[in-house]
Amino acid sequence: MKIIRFELFQVPPRWLFLKIETDTGFIGWGEPVIEGRAATVAAAVTELMENLIGKDPLNIEDHWQVMYRGGFYRGGPILMSAIAGIDQALWDIKGKYHDAPIHQLLGGPVRDKMRVYSWIGGDRPEHVGAAAADMVAKGFTAIKMNATDEMAYVDSYVKIDAVLARVAAVRAAGGPGLGIGIDFHGRVHKPMAKVLAHELEAYRPMFIEEPVLPENNEALREIARHTSIPIATGERMFSRWDFKQLLIDGYVDIIQPDLSHAGGITECRKIISMAEAFDVAAAPHCPLGPIALAACLQVDASCHNAFIQEQSLGIHYNKENDLLDYLVDKSVFDYEAGHCRIPAGPGLGIDINEDYVRSRAAIGHNWHNPIWRNEDGSVAEW
């Protein structure tokens, strides 16, 4: 069996899909994308695929090593996202070839279903109490929300109080059993992150996410001294080597590798297994499309320390299209009592509606995150 061609589809709302074809008729789908840099990742995929045409798609580990080590410069969001989508598609082909879901090829499932959480609020969180109540009514047992909008290095306690009021509203609406993930989104710098993490203790969040930017991970030591809330990070870390020092330092409780950013199924399975040796949980990042979510669930099924999965149905970014639009069988992602069944079909376990993908790719997108500024005019973290 040999790879004979590939196609890329830049589809709304902000995704990039990859289709790899073989000479035996097996097809694999992947989702290589960095939000806001889809065209850049597409160029990297095209370069990497030059070396894969004519190769056996089943030799995934060797292909991964060549894509990673074959270039003198390696790592980072663009190249690792390109590798990720190709890797997903190769695993999809391998599963279809063996007529088995990917998780069976990874050793079999350790669970039958995966707990999921839903987003509430938006980039600038508002009306979160009512939104939390709505998600509980739909059966979700956990939600995530952005904590703040712009925040300067040292900022007003009025902003801290506003965060606390929003989280209090969510706790009141959702009750004591609701898991609340609070995403600092790297918007908060160390001086205010310490304050906010400490003040949030009373509301018993499930975790705080990216309390500082990953390039400032050394600050997690001091933040951890101010709170007992589990600390999560990792969506902007792209390989085992990025996660290595984070795990050695011992201040993270939950890692969040993204299967469309951090080298795909091959690499994220290794990252999550590495974290298990440090007694660290995993909650893969996935505010993306159906291919990325399917890849996450296949890895979740095989990793004992994966405890909850992000998913994007109804997320504020999904305006032109939503998670289920590109699937033939939308029931594969039915959520029941806050959980999703592990897809059991061959490969990724989903059937992509290719005709619809092509129609939406003809429209495409040029999504970029907004540029925010602080009150003094300086650029702010989004």
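Residues numbered from 1 in each chain as written. Predicted model: local features only at pLDDT ≥ 70, side-chain atom pairs only at ≥ 80, totals over all residues. Heavy atoms only, no water.

The protein carries the name Galactonate dehydratase in an unreviewed UniProt entry, which gives Hymenobacter antarcticus as its organism.

**Student:** Residue-level account of the overall build of the protein, with values.
**Tutor:** Each helix and strand in the protein was counted, giving twelve helices and 15 strands. Dimensions of the protein, computed from the C-alpha atoms along their principal axes, are close to 60 × 45 × 40 Å. By the burial criterion, 57% of the 382 residues in the protein qualify as buried. Of the contacts formed within the protein by residues at least 6 apart in sequence, a portion of 71% connects residues at least 24 apart. (Helix = DSSP H or I, 4+ residues; strand = E, 2+ residues; numbered from the N terminus. Buried < 20%, exposed > 50% of the residue type's maximum accessible area, 1.4 Å probe, protein only. Contact = heavy atoms within 4.5 Å.)

**Student:** For the sheet that holds strand β3 (residues 27-30), give the residues involved together with the corresponding values.
**Tutor:** Spatial ordering of the open sheet is given by β1-β2-β3, a layout of three strands whose pairing is antiparallel. Looking at strand neighbours, the two that pair on one side only are β1 (3-11) and β3, the edges of this open sheet. If you compare each strand with its neighbour and ignore which way they point, the axes differ by 20 degrees on average. Here strand β2 (residues 15-22) pairs with β3 via four bridges, running antiparallel. The residue of β3 that forms the bridge with Ile20 is Gly28. (Pairing = 2+ DSSP bridges. Axes fitted to C-alpha atoms, helices over the stretch in contact; angles between N-to-C directions.)

**Student:** Lay out helix α3 (residues 77-97) in plain terms, naming residues and giving numbers.
**Tutor:** The terminal C-alpha atoms of α3, which comprises 21 residues, lie 30 Å apart, in line with the 30 Å expected from a rise of 1.5 Å per residue. Burial analysis of α3 places 16 of its 21 residues in the buried class, which makes it a mostly covered element. Positive backbone phi, approximately 55 degrees, marks Asp99, located one or two places after α3. (Expected span 1.5 Å × (residues − 1).)

**Student:** Which residues make up the packing of helix α6 (residues 157-174) against helix α7 (residues 190-199), and what values go with them?
**Tutor:** Following both chains from N to C, one finds α6 and α7 inclined at 35 degrees, their axes separated by 10 Å at the closest point. Crossing of α6 against α7: the hand is right-handed. Contacts between α6 and α7 involve Tyr157, Ile160, Val163 and Leu164 on the former and, on the latter, Met192, Val195, Leu196 and Glu199. A breakdown of the residues in the contact of α6 with α7 according to their chemical character gives seven nonpolar, no polar and one charged. (Left-handed = near helix turned anticlockwise from the far one by under 90°. Nonpolar A, V, L, I, M, F, W, Y, C, P; charged D, E, K, R; others polar.)

**Student:** How would you summarise the nonpolar core if you had to cite specific residues and measurements?
**Tutor:** One finds Ile86, Leu200, Ile255 and Phe333 to be the most contacted residues of the largest nonpolar core, which totals 108 residues. Among the elements that make up this core, the one with the highest residue count is helix α11 (residues 290-302) (nine residues). Apart from the residues lying within four places of it in its own chain, the contact partners of Ile255 are Thr233, Phe243, Leu246, Leu247, Ile271, Ile272, Ala275, Val280, Ala281, Ala282 and Ala283. One finds Tyr117, Ala232, Ala283 and Ile308 within the second-largest nonpolar core, a separate group that totals eight residues. (Core = buried A, V, L, I, M, F, W, Y, C linked by side-chain atoms within 4.5 Å.)

**Student:** Hey, could you go over the packing of aromatic side chains for me, with residue numbers and the actual values?
**Tutor:** Overall, the coordinates contain 14 aromatic pairs when judged by the stated rule. Here the aromatic rings of Phe26 and Tyr97 are separated by 5.9 Å at their centres, their planes lie at 70 degrees, and the arrangement is edge-to-face. A residue pair is termed long-range when its members are at least 10 positions apart, and Phe26 in the loop between β2 and β3 and Tyr97 in helix α3 qualify at 71 residues. In this structure Tyr97 comes out as partly exposed when scored by relative accessible area, which is 42%. Connected via pairs of aromatic rings, a cluster forms that spans Trp15, Phe17, Tyr326 and Tyr356. Above the ring of Trp64, the side-chain terminus of Lys270 is found at 5.9 Å from the ring centroid. (Phe/Tyr/Trp six-rings, centres within 6.5 Å; stacked < 30°, edge-to-face > 60°. Lys NZ or Arg CZ within 6 Å of the ring centre and 35° of its normal.)

**Student:** Help me get a handle on the packing of helix α9 (residues 240-249) against helix α10 (residues 264-276), residues and values and all.
**Tutor:** At a minimum axis separation of 10 Å, α9 and α10 run at an interaxial angle of 10 degrees. Put simply, α9 runs roughly parallel to α10. Contact residues: Arg240, Trp241, Phe243, Lys244 and Leu247 in α9; Glu267, Lys270, Ile271, Met274 and Ala275 in α10. (Parallel < 35°, antiparallel > 145°, perpendicular 65-115°, else oblique.)

**Student:** A description of the pairing of strand β6 (residues 179-183) should follow, citing residues and the corresponding values.
**Tutor:** On a regular strand, one side chain projects to one face of the sheet and the next to the other, so that they alternate. Of all five residues that make up β6, five are buried, and the element is covered over most of its length. Taking every second residue as pointing to the same face, both faces of β6 are buried, with Gly179, Gly181 and Asp183 on one and Ile180 and Ile182 on the other. Across five bridges, the pairing between strand β5 (residues 142-146) and β6 is parallel. By the bridge assignment for β6, Lys144 is matched with Gly181. Tracing the backbone out of β6, into α7 and back to the parallel element strand β7 (residues 207-209) gives a crossover that is right-handed. (Right-handed = clockwise from strand over helix to strand, strands pointing away.)

**Student:** Could you give an account of the UniProt feature "domain: Mandelate racemase/muconate lactonizing enzyme C-terminal" (unreviewed entry) in the protein, with specific residues and numbers?
**Tutor:** In the UniProt entry, the feature "domain: Mandelate racemase/muconate lactonizing enzyme C-terminal" (unreviewed entry) is given for residues 125-230. Annotated as residues 125-230, this span is 42% helix and 12% strand, and its ends, taken at the C-alpha atoms, are 21 Å apart. (UniProt positions renumbered as here; feature names shortened; annotations may be inferred.)

**Student:** Which residues make up the side chain of Ser239, and what values do they have?
**Tutor:** Tracing the backbone through its elements, the reader meets Ser239 in the loop between β8 (231-233) and α9. With residues up to four places along the chain from it excluded, the contact list for Ser239 reads Met80, Glu267 and Ile271.

**Student:** Go over the pattern of salt bridges with me, naming the residues and quoting the values.
**Tutor:** Pairing is possible between side chains of opposite charge, provided their charged atoms come close. Across all of its chains, the model carries 19 salt bridges by this definition. Note that Lys96 and Asp92 form a salt bridge whose closest N and O atoms lie 3.0 Å from each other. Taken together, the residues Lys96 and Asp92, both in helix α3 and four residues apart, mark about one turn of the helix. The partner of Arg240 in a salt bridge is Glu267, with the nearest N and O atoms 2.9 Å apart. (Salt bridge = Lys/Arg side-chain N within 4 Å of Asp/Glu carboxyl O.)

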